Amino acid sequence: MPVQAIRTTSTARNGVGAFILQCKRLDFHYCDHWGSSKGMNTFLRSPLIARFAAAHPQIQIHISPRPNTHPIIRGLYINGREKVICVRNLEKEQILQKAELLRDANGEKVRRMKGGRLVGSLNESVRGVWDPFHGGNKEIIGDRIVSS
Amino acid sequence: MKALRLLRRSGSVLSPRTRPCCFIHQTQYRNPLPLNIFRLQSTAPAQYQSAIEREDDLEPGETEPTEDFFHNAPTQEERESILSQLPSPHPQHAHKSARLSALHARLMLPPRLPLETLARCLVDPSADIDPHFNNSSLSILGYDLLGLYTSEAVLCRHPRLPTEVMFAAMWAYCGPKTLAAITREWGVEVAAAPGGEVDPGYLQCKHIEAGNASVEGTGVQVKDLPILATDPKGKPMLGEPGWRRGVSSRTVKSDHFGDEIKRTVLDYAERPELRQEDLQRKLEKGVTLETASTNFVRALMGAVYLHAGKKAAYNFFKAHILSRHLDFSKLFEFRQPTRDLSRLCAREGFESPVARILSETGRKSRSPVFVVGVFAGKDKLGEGSGSSLDEARIRAAVGALKGWYLYSPLEVNVPSQAERGGNWEPVMVDGGEVVV
């Protein structure tokens, strides 16, 4: 048999070609009566929300009442997860910050990055994996390592 | 190279369409705006679809009884029932869907691609059988474009790739599984069932019944039904459908991925009724999500090409398909690499390859390591390490073969760049794999 091939799929690298914003939808919920919604109600009437929506045409923006509860912002993401932030008693500028936080998130669970490997790569290292059989061989003399 | 006149060829796709049910629509779903009267599938933006265009048989002198519109205005329920008669959403609704325009913006589609066409790309033939309203024609065009761009990108970057590996690379870049993944990564949602009342931003297809769903009234699963059970006939004989031909004939007679084409153009030319039968079967049985997503991505590629031109289509391809990561060296599977290497050396006129130990450690221990190099005369072709001499030798041969097959020129020119206004330069394509 001559050379055969293995079928695999290519993997996406978001941002290498096109960048797909991971936030699909933002829901803004407010209440007409509760005082904790005061900031949210001013935010929804201010030009801030319109400017935010115009700057991000790739995000669907839903605004709906949620009576007798605190106001929230809910972000829905491409990976199917959602993130909710309660914005009770916040000013409109603070609410905008929270909306931006949800916009920038990718929907993954917040996890601690362990092991110091904060940057990963799909490509092989240019220098290759170190192996003991190549390059200058070393000798250990006493407590010193000397190239032989 | 002379550029093709796109608009002249794409006229049939870009013109407004109607169908009998649109007339039902016209009579029942009266609306003061003439635009809402008939169903436009079209690809030119709505405001250019002239408001003068009329679907009815009224003489130009006659006037429509406009006051009736307001008296007979349909209620919300009536509208919904009329809409639900349509197999796929009305093109007019494309501009009302936030989901659709968000998708348009998310993919950074060229502004010349209207929302109506994006909505049409999302309608699978299994949802709407009418070829004027589903994405079948666009997806045929997109399939060919994807095949062209991917094959030239792969072949010009790796001119010595074996044919089988070339097929696998094509499959990895634009095969159905990858396109289905792309659809998911774009955030396209799928409608539970197609229909006229559905938001046009959803991918619409009729879902095929799951194989492990139980058939009503019986305890049998769908996949175990006698009509679906696999034929115990055994391997197909020479000339029968399903018979695997050699690699070189597959480059001519198969699809882009080296798979057999079930229905060729010739089949359809001989028996034109086959096309309708196939469509009917699809409509009754439904399709898998993978098929529907594949058709969607292909159709979108075709639509970008028709509306925005070659440059935009190539940029779209580069941004979404070519930018994906694929390690070519992991696509190879050698059965007898040492034999392949000696045949390759004979073909290329090198001296026959010899394996020599470069270094070793722990020969008598339980974990020895040997480093073996494959040499043709004085040139080292490859090197490999393993815990036995044979393993190291085979790895060295594989390394040497991959080094040959994965050669990539420094400057890559693809033939289609001439079509987009660049200079045409001939590309080097090598002989491919050795025949053993």
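This one's a predicted model, so the numbers in the text were calculated from it and none came from an experiment.

Q: Would you mind going over the overall build of chain A with me for this structure?
A: For chain A, the count of helices and strands is three helices and seven strands. Expressed as a percentage of the 148 residues in chain A, the buried residues total 30%. A fraction of 67% describes how many contacts in chain A between residues 6 or more apart in sequence connect residues 24 or more apart. Carbon and sulfur atoms make up 52% of the accessible area of chain A, which totals about 10200 Å².

Q: Please explain the environment of Ser121 of chain A as it appears in this structure.
A: All names here are of chain A. For Ser121, the location among the structural elements is in the loop between α3 (92-104) and β6 (138-141). By relative accessible area, which is 57% here, Ser121 ends up exposed. One polar contact links the side chain of Ser121 to the main-chain amide nitrogen of Asn123, over a distance of 3.1 Å.

Q: Would you take a moment to explain helix α2 (residues 47-55) of chain A for this structure?
A: One turn of an α-helix holds 3.6 residues; hence residues three or four places apart share an orientation. All names here are of chain A. Residues of α2 that are buried: Leu48, Ile49 and Phe52. One side of α2 carries all its buried residues, which in axial view fall inside an arc of 95 degrees. Turned more than 90 degrees away from the buried face of α2, the exposed residues are Pro47, Arg51 and Ala54. Tucked inside the fold, the buried residues of α2 contact β2 (23-30), α1 (38-45), β3 (60-65) and α3.

Q: Got a minute to help me understand the nonpolar core in this structure?
A: The nonpolar side chains of a soluble globular protein tend to be buried with one another. Ranked by internal contacts, the top residues of the largest apolar core, which has 76 residues, are Trp186, Phe296, Leu300 and Phe328 of chain B. Ranked by residue count, the leading element in this core is helix α13 (residues 289-308) of chain B, at ten residues. Core analysis: the next-biggest nonpolar cluster, separate from the first, contains 22 residues, Leu26, Met40, Ile49 and Ile95 of chain A among them.

Q: Whenever I open this one, a nonpolar patch on the surface confuses me. Can you help?
A: Residues and elements named next belong to chain A. On the surface, a cluster of nonpolar side chains totalling about 370 Å² of accessible area is made up of Met113, Leu118 and Val119. Within the secondary structure, Met113 sits in the loop between α3 and β6. Overall, Met113 belongs to the exposed group, its relative accessible area being 53%.

Q: It is not clear to me how the sheet that holds strand β3 (residues 369-376) of chain B should be interpreted in this structure. Could you clarify?
A: Strand pairing in a sheet is mediated by backbone hydrogen bonds. Such pairs are either parallel or antiparallel. All names here are of chain B. If you trace the three strands from one edge of the open sheet to the other, you get β2-β3-β4, paired in antiparallel fashion. The open sheet has two edge strands with one neighbour each: β2 (354-361) and β4 (379-386). Ignoring strand direction, the axes of neighbouring strands in this sheet form an average angle of 20 degrees. In terms of strand pairing, β3 meets β4 through seven bridges, oriented antiparallel. Within the sheet, the bridge partner assigned to Val371 lies in β4 and is Ser385.

Q: Got a minute to help me understand the interface of chain A and chain B in this structure?
A: Reports of interface size often rely on the accessible area that becomes lost once the parts have come together. Each partner contributes to the interface: chain A provides 29 residues, whereas chain B provides 46 residues. The junction of chain A with chain B conceals about 3300 Å² of combined surface from both sides, 57% of it contributed by carbon and sulfur atoms. With a closest N to O distance of 3.3 Å, Glu189 of chain B and Lys24 of chain A form a salt bridge. In this structure, the connection of chain A to chain B is made through eleven residue pairs in polar contact (both at pLDDT 80 or more). Of all the secondary structure elements, the ones that give two or more residues to the side of chain A that touches chain B are β1 (4-5) and β2 of chain A. Here the side of chain A that touches chain B is composed, by residue class, of 15 nonpolar, ten polar and four charged. Alignment of β1 of chain A against strand β1 (residues 332-333) of chain B, held across two bridges, turns out to be antiparallel. The residue of β1 of chain B that forms the bridge with Ala5 of chain A is Phe332 of chain B.

Q: Looking at this structure, how should I read the pattern of salt bridges?
A: Close approach of charged atoms allows side chains of opposite charge to pair. According to the stated counting rule, one finds 19 salt bridges over all chains in the structure shown. The partner of Arg74 of chain A in a salt bridge is Glu82 of chain A, with the nearest N and O atoms 2.8 Å apart. You can call Arg74 of chain A partly exposed: its relative accessible area is 22%. With relative accessibility at 44%, the residue Glu82 of chain A sits in the partly exposed group. Salt-bridge contacts for Arg324 of chain B lead to Glu185 of chain B; the nearest nitrogen and oxygen are separated by 3.0 Å. Pair noted here: Arg324 of chain B is in the loop between α14 (310-322) and β1 and Glu185 of chain B is in helix α9 (residues 176-185), with a separation of 139 residues, a long-range link.

Q: Where do I start with the pairing of β6 of chain A in this structure?
A: Moving residue by residue along a regular strand, the side chains alternate between the two faces of the sheet. Residue and element names in this part refer to chain A. In this structure, β6 lies alongside strand β7 (residues 144-147), joined through four bridges in antiparallel fashion. By the bridge assignment, Ile141 is partnered in β7 with Arg144. Counting the residues between successive antiparallel strands, the hairpin from β6 to β7 contains two residues, one of them, Gly142, with a positive phi of roughly 65 degrees.

Q: Sorry, what's going on with the sheet that holds β2 of chain A here?
A: Residues and elements named next belong to chain A. Taken in spatial order, the four strands line up as β3-β2-β4-β5 in an open sheet, and their pairing is mixed. In this open sheet, the two edge strands, each paired with only one partner strand, are β3 and β5 (82-86). On average, each strand axis in the sheet is inclined to that of its neighbour by 15 degrees, with strand direction left out of account. Sheet topology note: the strand β4 (residues 72-77)/β5 ladder contains five bridges and is antiparallel. Counterpart to Leu76 in the pairing with β5 is Glu82. This element, α3, spans β2, β4 and β5 of the sheet and lies at about 15 degrees to β4.

Q: I would appreciate a short explanation of the packing of helix α7 (residues 136-157) of chain B against α13 of chain B in the present structure.
A: Residues and elements named next belong to chain B. Between α7 and α13, whose axes approach to 7 Å, the crossing angle comes to 85 degrees. Between α7 and α13, the interaxial angle falls into the category roughly perpendicular. Mapping the contact onto sequence places Leu138, Ser139, Leu141, Gly142, Tyr143, Leu145, Leu146 and Tyr149 in α7 and Asn295, Arg298, Ala299, Met301, Gly302, Ala303, Tyr305 and Leu306 in α13. Residues that form the contact of α7 with α13 fall into these classes: eleven nonpolar, four polar and one charged.

Definitions and cut-offs
- Residues numbered from 1 in each chain as written.
- Chains lettered and ligands numbered in written order.
- Predicted model: local features only at pLDDT ≥ 70, side-chain atom pairs only at ≥ 80, totals over all residues.
- Heavy atoms only, no water.
- Helix = DSSP H or I, 4+ residues; strand = E, 2+ residues; numbered from the N terminus.
- Buried < 20%, exposed > 50% of the residue type's maximum accessible area, 1.4 Å probe, protein only.
- Contact = heavy atoms within 4.5 Å.
- Areas by Shrake-Rupley, 256 points an atom, 1.4 Å probe, with all protein chains shown as cover.
- Polar contact = N/O pair within 3.5 Å; in protein donor to acceptor, adjacent residues only side chain to side chain.
- Arc of directions from axis to C-beta.
- Core = buried A, V, L, I, M, F, W, Y, C linked by side-chain atoms within 4.5 Å.
- Patch = residues over 30% accessible without salt bridge, like charges linked within 9 Å, V, L, I, M, F, W, Y side chains within 5 Å.
- Salt bridge = Lys/Arg side-chain N within 4 Å of Asp/Glu carboxyl O.
- Pairing = 2+ DSSP bridges.
- Axes fitted to C-alpha atoms, helices over the stretch in contact; angles between N-to-C directions.
- Buried area = accessible area lost by both parts, 1.4 Å probe.
- Nonpolar A, V, L, I, M, F, W, Y, C, P; charged D, E, K, R; others polar.
- Parallel < 35°, antiparallel > 145°, perpendicular 65-115°, else oblique.

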